[in-house]
Amino acid sequence: MRILVTGAGGQVGLDLIAYLRGAGHEVHGSDISPRPSADALDASVPWHHLDVTKGERIEALLREIEVEQVFHLAAILSARGEKNPGLTYAVNQGGTYNLLEACRSSGVTRVVFTSTIAVYGPGLAEPVGDAVSLQPQTMYGVTKVAGELLGDYYQRRYGLDFRAVRFPGLISASLPGGGTSDYALFMYLDGVRTGAYEAFCRPDTRIPLMYMPDGVRALAELGAADRSSLSRTVYNIAAFSPTAAEIARSVADAIEGVEITFVPDPMRQAILDSWPNALDDTNARNDWGWKPAFDLAAMTAELVPQVRALVKANPERFASHE
Ligand SMILES: NC(=O)c1ccc[n+]([C@@H]2O[C@H](COP(=O)([O-])OP(=O)(O)OC[C@H]3O[C@@H](n4cnc5c(N)ncnc54)[C@H](O)[C@@H]3O)[C@@H](O)[C@H]2O)c1
């Protein structure tokens, strides 16, 4: 199948492209950012400059490359989004409308969308299921709810085959893109780099997390699922829900002498406190056979050597992340 990925230069996109190509698909990458370097993206992957706030450009590209399926990842993430709500609205809400409209008018049959646990607000019964009241506390969450609802509308009104996952915080050996779950990865990154990390949350902070290989596999599997097996458009997917202190212990078990301390940042802690502790992903398991492969211990065992290799190969790139 020929596939386009938007926001493809980010943390999820590069891993997703590699996974989809491994499954035999022809994948085109696109992003507002320049083409990633050859060590991050195979030189044979076609790359297109695409700003999703420009609807006409999306439609022209879709007509030019004639893809059947789009994975729509382009977004401004939660912490960055609170610093610039206007840009977040334009990219996440306007960009998703533009993308759906361009897909409808150019004959793309299927769109896979990446939503988030940030669509939820505080006070929900745990673990949080798919069909509950959505009261997001951030512009990021508001725009992702709108993206889910728009996709649902395009499916009902125009028959566009729309599917979405609500991702937990994703962790991989790469620089994350300004999400509020980034403290988890920084424990590994700075643990390797300097032997110490000051987390911006309380030690008892608990949110759902997932190791990236599970995340990209979930996207690909939902994208390939038989439509008749899907009872809804948007699915929770879950893997594990450790406290920040439990992650710190897992990192300390794997990297000798690491010291992780906790100094909560009020803005980011408030966002974390508004998110669920744990997700109920029964519908994804029943409808399309979703099942995570990694828990916290398995992720730490695989991630630490990868982070070591990454930091060694790119010492300047990982010198500072704030
Ligand atoms: N990483 C996570 O923990 C996480 C959790 C839940 C949901 N998600 C969702 O998954 C998707 C991918 O996330 P990620 O972690 O790769 O984020 P990221 O920030 O690493 O990547 C997002 C990409 O979007 C691009 N982008 C920004 N503005 C754009 C525009 N106007 N036009 C085109 N591209 C633009 C950026 O250049 C970047 O490469 C996002 O939709 C995000 O909301 C991620």
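Residues numbered from 1 in each chain as written. Predicted model: local features only at pLDDT ≥ 70, side-chain atom pairs only at ≥ 80, totals over all residues. Heavy atoms only, no water.

Participant: Could you give an account of helix 1 (residues 11-22), naming the residues involved and the relevant values?
Facilitator: When the terminal C-alpha atoms of helix 1 are compared, their 18 Å separation across twelve residues agrees well with the 16 Å that a helix rising 1.5 Å per residue should span. Taken together, the buried positions of helix 1 are occupied by Gln11, Val12, Gly13, Leu14, Leu16, Ile17 and Leu20. In this fold, the buried residues of helix 1 make contact with strand 1 (2-6), strand 2 (26-31), strand 4 (69-72), strand 7 (169-171) and helix 7 (212-224). Phi turns positive one or two residues past the end of helix 1, at Gly24, with a value near 95°. (Helix = DSSP H or I, 4+ residues; strand = E, 2+ residues; numbered from the N terminus. Expected span 1.5 Å × (residues − 1). Buried < 20%, exposed > 50% of the residue type's maximum accessible area, 1.4 Å probe, protein only. Contact = heavy atoms within 4.5 Å.)

Participant: Tell me what's going on with the site of the ligand, and back it up with residues and numbers.
Facilitator: Around the ligand sit 26 residues, and of these Val12, Asp31, Leu73, Tyr140 and Lys144 come closest. A distance of 2.9 Å separates a nitrogen atom of the ligand from a polar side-chain atom of Asp51. If you tally residues by element for the shell around the ligand, the top one is strand 5 (residues 110-116), at three residues. Here the residues of the shell around the ligand sort into 13 nonpolar, ten polar and three charged. (Near = heavy atom within 4 Å. Polar contact = N/O pair within 3.5 Å; in protein donor to acceptor, adjacent residues only side chain to side chain. Nonpolar A, V, L, I, M, F, W, Y, C, P; charged D, E, K, R; others polar.)

Participant: Could you give an account of the packing of aromatic side chains, naming the residues involved and the relevant values?
Facilitator: Summed over the entire model, instances satisfying the criterion amount to nine aromatic pairs. Relative to Phe200, the ring of Tyr183 has its centre 5.8 Å away and its plane inclined at 90°; by these criteria the two rings are edge-to-face. Residue Tyr183 is located in helix 6 (residues 182-193), and its partner Phe200 is located in the loop between strand 8 (196-199) and strand 9 (209-211); the two are separated by 17 residues in the primary sequence. Taken individually, Tyr183 and Phe200 each receive the classification buried, so the pair is uniform in this respect. Plain terms: the ring middles of Trp288 and Trp290 are 6.2 Å apart, the flat faces sit at 40° to each other, and that makes the pair tilted. On the accessibility criterion, Trp290 (1% relative accessible area) is buried. (Phe/Tyr/Trp six-rings, centres within 6.5 Å; stacked < 30°, edge-to-face > 60°.)

Participant: Can you tell me about the environment of Ala218, naming the residues and giving the values?
Facilitator: Considering the arrangement of structural elements, one finds Ala218 in helix 7. Excluding residues that lie within four positions of it along the chain, Ala218 makes contacts with Ile237, Trp288 and Trp290.

Participant: So what about the domain arrangement of the protein? Which residues, and what values?
Facilitator: Domain assignment breaks the protein into domain 1 (2-169 + 210-236) and domain 2 (171-208 + 240-276 + 295-313). Centre-to-centre, using C-alpha coordinates, domain 1 lies 25 Å away from domain 2. Between domain 1 and domain 2, the residue contacts involve 21 residues of the former and 21 residues of the latter. Interface of domain 1 and domain 2: buried area, both sides summed, is about 1,800 Å²; carbon and sulfur atoms make up 63% of it. In terms of surface lost to domain 2, no three residues of domain 1 exceed Gln11, Ile117 and Tyr211, which account for 36% of the buried area on that side. Counting across the domain 1 and domain 2 interface gives seven residue pairs in polar contact (both at pLDDT 80 or more). Contributing elements (two or more residues each) for the side of domain 1 that touches domain 2: helix 1, helix 3 (78-83) and strand 9. Broken down by element, the side of domain 1 that touches domain 2 gets its largest block of residues, four residues, from helix 3. (Domains from an automatic or database assignment. Buried area = accessible area lost by both parts, 1.4 Å probe.)

Participant: Please set out the packing of helix 2 (residues 55-65) against helix 4 (residues 85-106) residue by residue, giving values where relevant.
Facilitator: Running from N to C, helix 2 and helix 4 point in directions that differ by 40°, and their axes come no closer than 9 Å. What the angle tells us is that helix 2 and helix 4 run oblique. Helix 2 and helix 4 meet at a crossing whose hand is right-handed. Residues Gly55, Ile58, Glu59, Leu62 and Arg63 of helix 2 form the contact with helix 4, whose participating residues are Asn98, Leu99, Ala102, Cys103, Ser105 and Ser106. Of the residues in the contact of helix 2 with helix 4, the class split is five nonpolar, four polar and two charged. (Axes fitted to C-alpha atoms, helices over the stretch in contact; angles between N-to-C directions. Parallel < 35°, antiparallel > 145°, perpendicular 65-115°, else oblique. Left-handed = near helix turned anticlockwise from the far one by under 90°.)

Participant: Lay out the pattern of salt bridges with the relevant residues and their values.
Facilitator: Scanning the entire structure with this criterion turns up 19 salt bridges. Taking the shortest distance from any N to any O, the salt bridge between Glu26 and Arg2 comes out at 3.3 Å. Pair noted here: Glu26 is in strand 2 and Arg2 is in strand 1, with a separation of 24 residues, a long-range link. What you see here is one network of salt bridges that share partners, running through Arg110, Asp161, Arg163 and Arg227. (Salt bridge = Lys/Arg side-chain N within 4 Å of Asp/Glu carboxyl O.)

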